[in-house]
Amino acid sequence: MSNIAFNGTDANNFISLADFAMMETKVKAAAQLLDGRNGPGNEFLGWLDLPTDYDKNEFERIEAAAKAIQAHSEVLIVIGIGGSYLGAKAAIEFCCNSFYNNLPKSKRNTPEIYFAGTNISGTYTQQLLDLIGDRDFSINVISKSGTTTEPAIAFRIFKKKLIEKYGAEGAKSRIFATTDPVKGALKTLADKQSFETFVVPDNVGGRFSVLTAVGLLPIACAGIDIRALMQGAADARARFAQEAYAQNDVLQYVAYRNLLLEKRFNIELLVNYEPRCHYIAEWWKQLYGESEGKNHKGIFPAAVDFTCDLHSMGQYIQEGRRNLFETVLEIESPEHDITMETEEEDLDGLNYLAGKTMDYINKKAAEGTAMAHKDGGVPNLKIKIPQATPYYLGQLFFFFEKACAISGYVLGVNPFDQPGVEAYKKNMFALLGKK
């Protein structure tokens, strides 16, 4: 079976062989620090072993809960913020139909899945309540503490709707709590009310938690094969632990992006040419932004959706400040393709594309864009994904997670804390009068 693959060829004009050779020492030292569990934040390295060392009994409970939700609910509301929702959202968008929630039940056989607790918008929340209407629904609330403001507000509101519809006793069987195994407000409530609970591991930070119950329950509810997802991550884990620097895609990615940072390329654009990758980028932005952005260091993670954003951001990328580089996600074999046909009147001038598929055209657009951007002073990196399947997504998740941790150590920061996140909260609580 093939694997995801990294290619830095289109950045070689910006990096010398000597630079690349010198970076090997730094990258390997950082990797050894991570694998040896000797670096800062080493108490949060549970994700490194998750693909193989996970609670098999809980995994089976996740699959059983997903089947129960599929059987009795037309809608699932997933309540969480940051790492408590981005991984699941990314997986559902990547592996499922682009119009998943709009498909008729005959083609979906799984509940519509919506996310709440990602904002404090009364308009969004009310419109989601209206969308549920009188249909059967369940809640998966995800919070380590149960006191994070955005999801806690949403949980109060949607729990009330559940109780109004099913009564206090009936609502209990429709609330699934993913939280701390022993403590916290949500765990206390779950024990008191007998909600089914799943664990947010103590040794896995939120942005690294997609392969725990945090991500796996919503992903399974969408009908995605979570066993294939875990197998992909397990195979990636084994491969990236064994391969030498010159063949190791993780180490190569870390080396290129940090060498480019040394050349003052301090913004990384994650680029895709398939809409299903949009939330992969949103998940990636949190992973790298929270992990690297400390002590006035780090590469700023941003993202664009091509070819759409070529008609809005393309001008700046081509001729704006020369401080950004691109990492392009390419899906090699699309799930579907359409062949262009000839029209008798060639008014739009597209008959020259007759016989060519949309995927072929899309990839030529990507190739031409990479050439133009490289010529314009924008280094290009590429990550090839064989197909949009759970197995390859598992590989991709682990690839980015391990590269992020190693890159943080190369930068000299702790990739597993996020002290800056608390600053806005202190101000918000003071303004709201919290005591």
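As a reminder, the structure under discussion sits directly above these lines.
Here is what the cut-offs are and how they apply
- Residues numbered from 1 in each chain as written.
- Predicted model: local features only at pLDDT ≥ 70, side-chain atom pairs only at ≥ 80, totals over all residues.
- Heavy atoms only, no water.
- Helix = DSSP H or I, 4+ residues; strand = E, 2+ residues; numbered from the N terminus.
- Rg over C-alpha atoms; globule rule 2.2 N^0.38 Å.
- Areas by Shrake-Rupley, 256 points an atom, 1.4 Å probe, with all protein chains shown as cover.
- Lys, Arg positive; Asp, Glu negative; His and termini not counted.
- Charge placed at Lys NZ, Arg CZ, Asp CG, Glu CD.
- Pairing = 2+ DSSP bridges.
- Axes fitted to C-alpha atoms, helices over the stretch in contact; angles between N-to-C directions.
- Contact = heavy atoms within 4.5 Å.
- Core = buried A, V, L, I, M, F, W, Y, C linked by side-chain atoms within 4.5 Å.
- Buried < 20%, exposed > 50% of the residue type's maximum accessible area, 1.4 Å probe, protein only.
- Parallel < 35°, antiparallel > 145°, perpendicular 65-115°, else oblique.
- Left-handed = near helix turned anticlockwise from the far one by under 90°.
- Nonpolar A, V, L, I, M, F, W, Y, C, P; charged D, E, K, R; others polar.
- Disulfide = S-S within 2.5 Å.
- Salt bridge = Lys/Arg side-chain N within 4 Å of Asp/Glu carboxyl O.

Caption draft 1: Seen up close, the overall build of the chain. A count of helical and extended segments in the chain gives 15 helices and ten strands. Relative to the compact-globule value of 22 Å for 435 residues, the chain shows a C-alpha radius of gyration of 23 Å, a close match. For the C-alpha atoms alone, the extent of the chain along its principal axes is close to 65 × 65 × 45 Å. On the chain, roughly 20,200 Å² of surface is accessible, and the fraction owed to carbon and sulfur atoms is 52%. With 46 positive and 54 negative side-chain charges, the chain shows a separation of 8 Å between the mean positions of the two kinds.

Caption draft 2: Representation of the sheet that holds strand 3 (residues 112–116) in the model. Pairing in this open sheet of five strands is parallel, and the strands run 3-2-4-5-6 from one edge to the other. Strand pairing shows two members of the sheet lacking a second neighbour, strand 3 and strand 6 (196–199), which therefore form its edges. For this sheet the average axis-to-axis angle between neighbouring strands, irrespective of direction, equals 20°. Of the strand pairs in this sheet, strand 4 (residues 137–142) and strand 5 (residues 175–179) are connected by four bridges, and their pairing is parallel. Note that in strand 5 the partner of Ile142 across the bridge is Thr178. Against the sheet, helix 7 (residues 185–193) contacts strand 4, strand 5 and strand 6, and its axis sits at roughly 145° relative to strand 5.

Caption draft 3: Representation of the nonpolar core within the structure. In this structure, Trp47 and Phe400 are the most contacted members of the largest nonpolar core, which totals 97 residues. Residues within four places of Phe400 in sequence aside, it is in contact with Tyr253, Leu270, Trp283, Trp284, Leu287, Tyr288, Leu329 and Ile383.

Caption draft 4: Spotlight on the packing of helix 11 (residues 278–292) against helix 14 (residues 390–411). Two elements in contact, helix 11 and helix 14, have axes separated by 9 Å at closest approach and are oriented at 20°. Viewed along their axes, helix 11 and helix 14 adopt a mutual orientation that is roughly parallel. Crossing angle aside, the handedness with which helix 11 passes helix 14 is right-handed. Residue-level inspection shows Ile280, Trp283, Trp284, Leu287, Tyr288, Ser291 and Glu292 of helix 11 in contact with helix 14, the latter providing Leu393, Leu396, Phe397, Phe400, Glu401, Ala403, Cys404, Ser407, Gly408 and Leu411. When the residues that make up the contact of helix 11 with helix 14 are grouped by side-chain class, the tally is twelve nonpolar, three polar and two charged.

Caption draft 5: The arrangement of the state of the cysteines in detail. The full count for this structure, using the stated rule, is zero disulfides. No disulfide involves Cys96; its sulfur sits 6.4 Å from the nearest other cysteine sulfur, which is in Cys95. The exposure class assigned to Cys96 is buried, which follows from its relative accessible area of 8%.

Caption draft 6: Spatial organisation of the side chain of Gln252. Counting through the fold element by element, Gln252 comes out in helix 10 (residues 249–262). The exposure class assigned to Gln252 is buried, which follows from its relative accessible area of 11%.

Caption draft 7: How the structure looks around the pattern of salt bridges. Across all of its chains, the model carries 29 salt bridges by this definition. A salt bridge links Lys382 to Glu330; the nearest nitrogen and oxygen atoms lie 3.2 Å apart. A residue pair is termed long-range when its members are at least 10 positions apart, and Lys382 in strand 10 (residues 380–385) and Glu330 in strand 9 (residues 324–331) qualify at 52 residues. Judged by its relative accessible area of 16%, Glu330 falls in the buried class. Via salt bridges that share partners, Lys144, Asp180, Lys183 and Asp202 belong to a single interconnected network.

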